Amino acid sequence: MISSSSSTSPSENITVVLEIYSGSFADGFGVTLQILDNGQIIHHYDKSARLTLPPAPKIPGLFEQWHDMNRAGDTLVRKMSSEKTQDLPRQMTPEYIQHLQEQHIPEDSIRGIKPVGEQVTHVNAKVWRQLADNLETSCKQWFEDQAFDYLSLKIQHPVEVRQDSSVPIIINPQTEDPTQNYILKNLPWHDWWSLFKELKHSEFALFGKFRRRTSHLEAPIRILAIFGNHSQLNLGQDKEALSRLEARGAKIKPLLEPGETELKRTLADGQWNILFFAGHSSSEGDSGMIQINRSTTLSLAELSPSFLRAVDNGLKLAIFNSCDGLSIAQFLADKAAIPTSIVMRQPLPDQIAGQFLLDFLTQFSQGTPLYRSVRLAREKLPSQHDFPAVDWLPTVCANPNQPEFIWPSESIVPPPPDPPSSPPKSRWHKKKTILVLLFLLGLAMVLWIGKIVSPPAGETDIVLEPLISQGENIVEDTRISLSDPYLSLKNQGIEAFIKGDYDTAYQNFRSLRQQAKRDKDSVSKAIATPALAALQDYESLIYSNNSLVLKHQQENPGLPVYNIAIAAPFNFEAGISIAYGVAHAQDVFVNRQKLNLLVTLANDSNNEDQAQAVAEALSNDGKMLAAVGHYTSANSCAALQKYDPQNLVLMSPTSTTVNLASRIECGGNKNGVFFRTVSTTRVEAETLVNYLIKDLAIAQPKIAMFYNPNELFSRNVAEQFQQVVQAFGGKVTSYDLSDPKFKTNQLPTEARGADALVILPDGGTNNTNAFDKGIDVLKLNAGEKPVLAGNVFYLKEVLDQVDAEAVVDRMFIAVDWHPKQCGAEEFSQQTREYWGGDLNRRTALAYEAVQAIAQAITQSTKGEVDPTTAVTRQRIRQKLAETGIQKNTAAESATMEDTLISFDALGDRNEITTRQIVTVAESNDQLRFELVNQGDCQPE
């Protein structure tokens with residue numbers, strides 16, 4: 001993977017994301033690495049880079065012993081909570097173990113906390129500390145492996161990563177085993193000394209969902225402090241911490257044991273920047289409960305709408321003091337979409353939590369960046385408290401796109417002198433103090449991991465501005481990565497575009513591509529590699545033509561301009577392939593055919609909620625005439641619910657589910673806005689099964705089929721396979737890739753007796769679990785049986801993950817277009833000139849999608865006096881529907897000679913009734929997709 005610097009000057013908003021995507025402590029882990037600058041990926045080492053972490057088989061057992069000791073203490077505290085005073089700690093300390101025995105707690109209740117036959121008052125403390133020391137020693141040995149040293153160098157090498165900057169190192173465990181993930185989330189990552197010794201101001205964090213970044217904190221800081229049921233809690237330091245915030249300009253609203261209605265209303269209607277919660281809470285799987293007063297316990301789900309409103313109103317940081325912060329945080333981060341939180345990963349005494357909070361707020365409110373403040377406060381804990389592993393527990397959980405929060409400078413005042421000892425203030429002031437501080441401790445824990453729940457219907461936390469652009473910005477969450485001088489030219493072009501100086505913008509974007517074309521053939525790899533990346537920047541080509549179109553309109557205000565959009569996942573190889581086709585087609589129409597197409601880029605990130613939000617935004621744009629997209633059927637289905645009511649045509653080059661738009665869950669296609677240049681899953685299934693039976697000579701085949709029944713495309717193509725195979729007298733045994741119990745350490749027993757495997761994972765919508773398991777099945781087969789694979793496997797990233805023996809002449813995919821099929825050579829040559837190499841069917845079909853829309857625009861203007869008013873959404877839809885009925889109305893495909901682009905009554909492509917079969921070939925140690933049978937028209 002080529003990584004390149006986006007700037008020659010260091011940035012203050014660098015974030016490192018280390019995703020642990022596969023493996024186990026027994027076998028080692030696979031990892032990917034991203035370095036972001038202000039939310040944009042500037043260095044990316046994906047699965048093809050083969051980064052790994054070594055095995056550490058001792059860690060799970062040592063963790064379990066330490067973890068059980070902590071939990072045993074917490075259980076006993078809960079058991080006795082109705083009998084003890086407010087000095088009762090929430091977690092067992094060695095001193096409290098002695099206290100329990102003095103209170104004559106039955107011996108079997110505390111047996112898990114002390115070794116049999118030894119005295120509690122002395123040995124328990126030693127045992128507890130020894131368990132923590134054993135685990136930490138094992139972790140340190142793991143972190144000292146050369147694999148971690150290599151990763152450390154990769155992180156520190158870029159010029160943007162400064163040793164004096166507060167850089168978050170975000171750990172994102174995403175293996176298929178929840179137990180492995182839980183352990184990884186709880187390890188003392190600060191002991192990765194080769195990294196944190198050098199990055200002295202950095203801090204590790206846990207991963208929150210990628211979301212649109214929010215604005216920075218502004219004065220005055222508004223804090224909502226919720227104090228729930230606080231019986232049996234020791235809150236001695238809360239008053240001082242709250243006073244320090246008030247002294248630094250914070251406006252604090254306390255809620256003392258609020259009722260449900262009061263809490264929901266206050267949270268939703270105020271303009272809070274920071275949220276504290278103090279009180280009792282509990283985890284419930286991936287959710288949680290909080291006791292808001294002595295008689296009322298609420299599930300976090302009940303507060304989700306209020307949290308979302310609060311985020312819309314400016315909530316940015318949450319701090320939550322909970323007995324199991326990770327589970328609660330995972331729910332609230334996803335449901336509430338709060339950008340950053342501070343959590344306690346395991347139970348600990350209230351005194352320690354309060355001390356950490358006091359030290360953190362002291363640093364943070366004086367202007368120290370948030371991550372640096374957490375590290376300083378965390379590192380002080382061992383010297384203040386004799387509690388095992390105390391400095392492991394405080395953790396930041398963050399959206400990787402979010403720049404680090406800093407207390408606004410206008411609110412920073414010199415800290416007040418320590419007050420002399422005096423009688424306590426009023427009871428209300430004490431409660432107010434308690435409320436704020438404990439809330440701070442708690443709600444952060446809440447926030448951390450948000451990955452599970454979607455916003456309620458009608459509500460969304462997706463901020464679309466950075467995801468949509470005509471030239472105003474680099475679209476967020478993409479794989480684009482440019483280095484200077486190309487990045488400078490692009491930024492200059494964007495700056496001019498924003499100002500409306502379209503001529504300068506056009507010159508900059510055009511210069512970028514011209515220089516890239518010259519440089520890509522350099523004998524110097526250091527010059528040629530970044531030049532090729534710049535040449536393949538579809539954004540720059542689209543922005544160049546958009547600038548030219550708007551320049552012409554400035555010069556001639558009456559010039560008609562036609563707005564279309566591309567909605568696709570630009571963080572996926574498949575989405576980028578679609579973008580290549582749209583960018584290429586726009587360039588041809590604008591510069592050769594003089595049709596002023598203005599293209600809007602919209603990134604759906606392969607997520608259904610985001611696809612629907614993008615579709616709604618495009619539909620609400622009155623100038624928009626049609627959209628090209630989305631990648632998967634699931635995303636197209638979600639988007640059609642917004643496009644269809646607004647009569648906005650969706651032209652899909654890749655969504656293949658049979659009768660997609662007519663499905664009730666997709667909106668029913670009431671206005672007939674859905675068309676596609678790709679053939680359906682029925683054609684795909686028939687092509688592959690015919691090849692298996694006729695060409696591979698496997699009659700009445702026994703098939704082992706692996707698919708995801710919970711996803712639209714995968715379920716539909718599996719249904720088509722089932723029908724076609726049975727029609728030929730074959731038998732299909734199915735396996736659910738989405739089932740957590742489905743393991744990929746070996747093929748199922750029945751599958752080993754099959755004649756062939758059929759692997760039909762989904763397209764990775766919302767997550768890649770089924771997709772990754774499909775690749776694992778491919779690896780397990782190791783080329784033993786022929787594999788018929790869904791078109792979602794037609795990706796280079798699939799080939800990057802498998803050995804040649806597993807796929808060469810053993811995996812077969814049915815595709816609608818290939819650069820070496822008859823009639824495709826002219827277009828293939830064009831794509832090589834545009835992008836520096838061969839592309840795939842998604843590019844060709846996306847090009848055809850623009851052709852079809854452009855033809856409908858042209859047909860709409862025929863005979864019209866005023867072309868600017870003749871072209872409407874309804875006319876576009878009408879003209880596309882006529883292509884299958886009236887002669888001389890369909891466009892002639894530029895990607896395939898002697899082929900039209902017409903549609904039937906369902907919007908399906910007429911011309912493609914069968915597909916090409918491709919397999920995998922190896923040349924010069926490189927794997928690539930090739931046609932199975934090349935006819936006489938193919939070049940040597």
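Notes on the structure in this doc start here. On a predicted model such as this, the values are computed, not experimentally measured, just so you know. (Residues numbered from 1 in each chain as written. Predicted model: local features only at pLDDT ≥ 70, side-chain atom pairs only at ≥ 80, totals over all residues. Heavy atoms only, no water.)

### Section: the pairing of strand β13 (residues 317-320)
If a strand is regular, its side chains alternate between the two faces of the sheet.
Consideration 1: Going residue by residue along β13, you find L317 and I319 tucked away on one face and A318 and F320 tucked away on the opposite face as well.
Consideration 2: The sheet contact formed by strand β9 (residues 274-278) and β13 spans four bridges and is parallel. Looking at the pairing, L275 lines up with A318 of β13.
Consideration 3: Here two bridges tie β13 to strand β14 (residues 340-344), and the two strands are oriented parallel to one another. Its bridge partner being in β14, A318 is matched across the sheet by S341. (Buried < 20%, exposed > 50% of the residue type's maximum accessible area, 1.4 Å probe, protein only. Helix = DSSP H or I, 4+ residues; strand = E, 2+ residues; numbered from the N terminus. Pairing = 2+ DSSP bridges.)

### Observations concerning the side chain of E711
Consideration 1: With respect to the element layout, E711 can be found in the loop between β22 (702-707) and α22 (712-727).
Consideration 2: Lacking a salt bridge, the buried E711 has R715 as its closest oppositely charged neighbour, with an N-O distance of 6.9 Å. (Lys, Arg positive; Asp, Glu negative; His and termini not counted. Salt bridge = Lys/Arg side-chain N within 4 Å of Asp/Glu carboxyl O.)

### Focus: the packing of aromatic side chains
Each aromatic ring pair is specified by the distance between its two centres and by the angle formed by the two planes.
Consideration 1: Enumeration according to the criterion identifies 31 aromatic pairs in this entry.
Consideration 2: On the numbers, 4.8 Å between centres and 15° between planes, the contact of F277 with F320 is stacked. Here the residue F277 occupies a position in strand β9, and F320 occupies one in strand β13, the gap between them amounting to 43 residues. F320 matches F277 in its accessibility class, with the two residues each being buried.
Consideration 3: Considering the side-chain rings of Y691 and F812, the 5.1 Å spacing of their centres and the 45° angle between planes classify their relative orientation as tilted. Here F812 lies in strand β26 (residues 811-815) and Y691 lies in helix α21 (residues 681-695), a separation of 121 residues in the sequence. (Phe/Tyr/Trp six-rings, centres within 6.5 Å; stacked < 30°, edge-to-face > 60°.)

### Side note on the state of the cysteines
Consideration 1: Applying the stated criterion to the full structure yields one disulfide.
Consideration 2: Disulfide pairing places C637 opposite C666 at an S-S distance of 2.1 Å. Between C637 and C666 the sulfur-sulfur dihedral comes to about -105°; the bridge is accordingly left-handed. In this pair, C637 is assigned in helix α20 (residues 633-643) and C666 in the loop between β20 (649-652) and β21 (674-676), connecting sequence segments 29 residues apart.
Consideration 3: You can call C637 buried: its relative accessible area is 6%.
Consideration 4: Residue classification places C666 among the buried residues on the basis of a relative accessible area of 1%. (Disulfide = S-S within 2.5 Å.)

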